[in-house]
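Structural characterization, general
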Protein chains: 4
Amino acid sequence: MSLTLTAARRIIEVAMQTGRQAGWKPLSVVVLDAGGHVLSFDRPDGASPGRFEIARAKAYGAVMLGMGGSAQMARAEAQAYFMAAVNGVFGGQVLPVPGGVLVRGAEGTVIGAVGVTGDTSDNDAAAASAGIRAAGFVAEA
Amino acid sequence: MSLTLTAARRIIEVAMQTGRQAGWKPLSVVVLDAGGHVLSFDRPDGASPGRFEIARAKAYGAVMLGMGGSAQMARAEAQAYFMAAVNGVFGGQVLPVPGGVLVRGAEGTVIGAVGVTGDTSDNDAAAASAGIRAAGFVAEA
Amino acid sequence: MSLTLTAARRIIEVAMQTGRQAGWKPLSVVVLDAGGHVLSFDRPDGASPGRFEIARAKAYGAVMLGMGGSAQMARAEAQAYFMAAVNGVFGGQVLPVPGGVLVRGAEGTVIGAVGVTGDTSDNDAAAASAGIRAAGFVAEA
Amino acid sequence: MSLTLTAARRIIEVAMQTGRQAGWKPLSVVVLDAGGHVLSFDRPDGASPGRFEIARAKAYGAVMLGMGGSAQMARAEAQAYFMAAVNGVFGGQVLPVPGGVLVRGAEGTVIGAVGVTGDTSDNDAAAASAGIRAAGFVAEA
């Protein structure tokens, strides 16, 4: 099982809608496949120009480490030098905060990750999870 | 005038549709803003995993140099060391072949670029231009 | 369908054996998954220390570009600046010569790639293909 | 004396088996030679895609600094900026936690290092040490 573009677009649509309905700042959303490669991305009008890099780094860390952004943040707070070193290993492309959310398929396998950025990290993660669930998958924040 | 997400999605939709109707291989499409930053991207099912990087490098060179991919290719063929050095300047993120197409607004200003990859470079460029025109802008391949 | 470690070990075993039986120099062999990430690798006694990087770069380019090393070499010979620029896009991790071979599953999808280095590029590619076929997959050199 | 591929395979086999028998999460295992270069690696089914990079960074730091991961961690906790700076010196490829274990031969010389990742850092180190001892060498965690 792998993420289709149709599923990725559904995730992005619902994640952005979740933010708009809640009155949050504009959310940028990326969907990566199980290898950490970009499937789809949208940056809404008014978002700052670096949102793609931030969204991708949240999702990329989730895929490569097999853990969501909240778990990464807990590790970074407990052992800062560990997450700093992990980041060196992955070329500085890991952002260990909520908003990077693993996508698990029916049988529990990781089939990709979603990265959301724009509002608070917790709201970003909530929007990502809403999108993932709407597309029929299990979200691990 | 700047590219909205709505316009970017229209460009991607028409560029991908152009390829499907012509029976080309699956096309991946990125839209960058006037600063070379990602607005939107789609990679269709069955495309190889590195398509985002290729599409972005086609469009990024167009924005940063202010010239379309076809013009960049002519320069690379006439003076290979020049484009190699330009690439050093821009961190290796410039791919000087057709498929990177500038987007010009009503008054002629560059408001972004589109990068398409998947079929031959010339077909990639044709799909990008079709998308740009469908969104009401002028394409410079 | 994805490559298991058992299949990867079978590919490596047969590829190395192919070289030994033919009297070639010691072959180093890497197997990557469909996202370009390392599954398994062996470097035999007497091989030079940089063999992992070479094997991986052959296989990595195959996965990311969706084309085998022989096709990449043809492109590099026809249009040197193109493959040089592609390499910049992928962080200099692409080695466009025979020995990087795509692994296709039953339904034709790319499920990984094998990189072999140690003898001539053509012999490297032949050993990779022998390993892939022995594991029940289709090799695209 | 140097590590042979046969010894490296024995180390990997026993390290992975140690984890399976103890019911730990799937362990990925790399073996580096005395120059820090990859000899052999296996990533089991179900492990996250970035395991090679993590395993290698654990082992690479051990070889380059001549100290095991546990000693590196003690230093990182006492003097975080020192290990951060060391990482700059080695291109960000050092992960200073347990699981990177030096391999010493009969006469005490360092002949390589093993990196294990997948379960807790302490379990990773225990599996590495078990593999090294099974192959007839002395482990320095």
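Preceding this paragraph is the structure being described.
Structure report, in brief.

Quick notes on the rules
- Residues numbered from 1 in each chain as written.
- Chains lettered and ligands numbered in written order.
- Predicted model: local features only at pLDDT ≥ 70, side-chain atom pairs only at ≥ 80, totals over all residues.
- Heavy atoms only, no water.
- Contact = heavy atoms within 4.5 Å.
- Buried area = accessible area lost by both parts, 1.4 Å probe.
- Salt bridge = Lys/Arg side-chain N within 4 Å of Asp/Glu carboxyl O.
- Polar contact = N/O pair within 3.5 Å; in protein donor to acceptor, adjacent residues only side chain to side chain.
- Helix = DSSP H or I, 4+ residues; strand = E, 2+ residues; numbered from the N terminus.
- Nonpolar A, V, L, I, M, F, W, Y, C, P; charged D, E, K, R; others polar.
- Pairing = 2+ DSSP bridges.
- Axes fitted to C-alpha atoms, helices over the stretch in contact; angles between N-to-C directions.
- Parallel < 35°, antiparallel > 145°, perpendicular 65-115°, else oblique.
- Least-squares fit on C-alpha atoms with pLDDT ≥ 70 in both.
- Expected span 1.5 Å × (residues − 1).
- Buried < 20%, exposed > 50% of the residue type's maximum accessible area, 1.4 Å probe, protein only.
- Phe/Tyr/Trp six-rings, centres within 6.5 Å; stacked < 30°, edge-to-face > 60°.
- Lys NZ or Arg CZ within 6 Å of the ring centre and 35° of its normal.

1. Topic: the interface of chain A and chain B
Tallying the contact residues gives 18 residues for chain A and 19 residues for chain B. Taken as a group, A:Leu5, A:Val38 and A:Arg43 account for 32% of the area that chain A buries against chain B, more than any other trio of residues on that side. We note a salt bridge from B:Asp33 to A:Arg43, for which the minimum N-O separation is 2.8 Å. Scanning the region where chain A abuts chain B turns up 19 residue pairs in polar contact (both at pLDDT 80 or more). Listing elements by their share of the side of chain A that touches chain B, those giving two or more residues are helix 1 (5-22), strand 2 (38-42) and helix 2 (51-65) of chain A. Top element by residues in the side of chain A that touches chain B is strand 2 of chain A. It accounts for five residues. The class makeup of the residues in the side of chain A that touches chain B is eight nonpolar, three polar and seven charged. Alignment of strand 2 of chain A against strand 2 (residues 38-42) of chain B, held across three bridges, turns out to be antiparallel.

2. A short note on the environment of D:Ala7
Tracing the sequence through the fold places D:Ala7 in helix 1 (residues 5-22). Ignoring sequence-local partners within four residues, the contact set of D:Ala7 consists of D:Ala135 and D:Phe137.

3. Re the packing of helix 3 (residues 69-78) of chain A against helix 4 (residues 80-89) of chain A
Residues and elements named next belong to chain A. Axis separation between helix 3 and helix 4 bottoms out at 5 Å; the angle between their running directions is 120 degrees. In terms of orientation, helix 3 lies oblique with respect to helix 4. Across from Gln72, Arg75, Ala76 and Ala78 in helix 3, the residues of helix 4 making contact are Ala80, Phe82 and Met83.

4. A closer look at the side chain of D:Arg9
Relative to the elements of secondary structure, D:Arg9 occurs in helix 1. At 3.5 Å, the side chain of D:Arg9 forms a polar contact with the side chain of C:Asp42. Setting aside residues no more than four positions away along its own chain, D:Arg9 makes contact with C:Arg9, C:Phe41, C:Asp42, D:Ser40, D:Phe41 and D:Asp42.

5. With respect to the sheet that holds strand 4 (residues 110-117) of chain B
Strands belonging to one sheet form pairs held by backbone hydrogen bonds; the direction of such a pair is parallel or antiparallel. The sheet built from 10 strands is open, its strands ordered 5(A)-3(A)-4(A)-1(A)-2(A)-2(B)-1(B)-4(B)-3(B)-5(B) with antiparallel pairing. Every interior strand has two partners, whereas the edge strands, strand 5 (138-140) of chain A together with strand 5 (138-140) of chain B, have only one. Going from strand to strand, the sheet's axes swing by 25 degrees on average, the running direction of each strand aside. Summarising the sheet, strand 1 (residues 28-33) of chain A and strand 2 of chain A pair through four bridges and their orientation is antiparallel. Across the sheet, the residue bridging to A:Val31 is A:Ser40, located in strand 2 of chain A. This element, helix 1 (residues 5-22) of chain B, spans strand 2 of chain A together with strand 1 (28-33), strand 2 and strand 4 of chain B of the sheet and lies at about 30 degrees to strand 2 of chain B.

6. What to know about the sheet that holds strand 2 (residues 38-42) of chain D
One open sheet accounts for 10 strands, arranged 5(C)-3(C)-4(C)-1(C)-2(C)-2(D)-1(D)-4(D)-3(D)-5(D); its pairing is antiparallel. Of all strands in the sheet, those with a lone pairing partner are strand 5 (138-140) of chain C together with strand 5 (138-140) of chain D, marking the two edges. Adjacent strand axes in the sheet meet at a mean angle of 25 degrees, parallel and antiparallel pairs treated alike.

7. Some details on the relation of the copies chain A and chain B
Expressed as a screw operation, the relation of chain A to chain B combines 0.1 Å of axial shift with a rotation of 180 degrees, fitting to an RMSD of 0.1 Å. Expressed as an axis order, the relation between the two copies is that of a two-fold axis. When C-alpha distances to the rotation axis are compared across chain A, the minimum falls at A:Phe41, with a value of 2.6 Å.

8. Some words on helix 2 (residues 51-65) of chain C
Residues and elements named next belong to chain C. Along its 15 residues, helix 2 runs 21 Å from first to last C-alpha, staying within 8% of the 21 Å computed at 1.5 Å per residue. Of all 15 residues making up helix 2, 13 are buried, and the element is well covered by its neighbours. Phi for Gly66, located one or two positions after helix 2, is positive at around 65 degrees.

9. Quick notes on the environment of D:Pro96
Along the chain, D:Pro96 turns up in the loop between helix 4 (80-89) and strand 3 (100-104). Between the alpha carbons of D:Pro96 and D:Gly61 there is a distance of 6.9 Å; along the sequence they are 35 residues apart. Those residues in contact with D:Pro96 that sit more than four places away from it in its chain are A:Tyr81, A:Ala85, D:Gly69, D:Gln72, D:Met73, D:Ala76 and D:Met83.

10. What about the pattern of salt bridges?
Residue and element names in this part refer to chain D. According to the stated counting rule, one finds 28 salt bridges over all chains in the structure shown. A salt bridge links Asp42 to Arg9; its shortest N-O distance comes to 2.8 Å. Here Asp42, found in strand 2, pairs with Arg9, found in helix 1; they are 33 residues apart in sequence, far enough to count as distant. The class of Asp42 is buried, set by a relative accessible area of 3%. Glu13 is the salt-bridge partner of Arg10, the closest N and O atoms lying 3.5 Å from each other. Pair noted here: Arg10 and Glu13 are both in helix 1, with a separation of three residues, about one helical turn. You can call Glu13 partly exposed: its relative accessible area is 43%.

11. Some points on the relation of the copies chain C and chain D
One copy of the chain maps onto the other through a rotation about an axis followed by a shift along the same axis. It takes a turn of 180 degrees to lay chain C on chain D, together with a shift of 0.1 Å along the axis; the resulting RMSD is 0.1 Å. Taken together, the interface assignments show that 100% of the residues at the interface of chain C recur at the interface of chain D, consistent with an identical surface on both copies.

12. Some details on the packing of aromatic side chains
This structure, assessed with the given rule, holds 10 aromatic pairs over all chains. Ring plane angle 85 degrees and centroid distance 6.3 Å describe the contact between B:Tyr60 and B:Phe90, whose orientation is recorded as edge-to-face. Remark: B:Phe90 occurs in the loop between helix 4 (80-89) and strand 3 (100-104) and B:Tyr60 occurs in helix 2 (residues 51-65); sequence separation between them is 30 residues. Look at B:Phe90 and you get partly exposed, because its relative accessible area is 22%. The rings of A:Phe41, A:Phe52, B:Phe41 and B:Phe52 are connected pair by pair, giving a single aromatic cluster. The cationic tip of A:Arg75 hangs over the ring face of A:Phe82; the distance from NZ or CZ to the ring centre is 3.7 Å.

13. Considering the interface of chain C and chain D
On the chain D side, the residues contacting the 19 residues of chain C number 19 residues. Roughly 1,500 Å² of surface becomes buried between chain C and chain D when both sides are summed, with 45% attributable to carbon and sulfur atoms. Linking chain C to chain D there are six salt bridges. Inspection of the chain C/chain D interface yields 19 residue pairs in polar contact (both at pLDDT 80 or more). The biggest single contributor to the side of chain C that touches chain D is strand 2 (residues 38-42) of chain C, with five residues. Its residues assigned to classes, the side of chain C that touches chain D shows nine nonpolar, three polar and seven charged.

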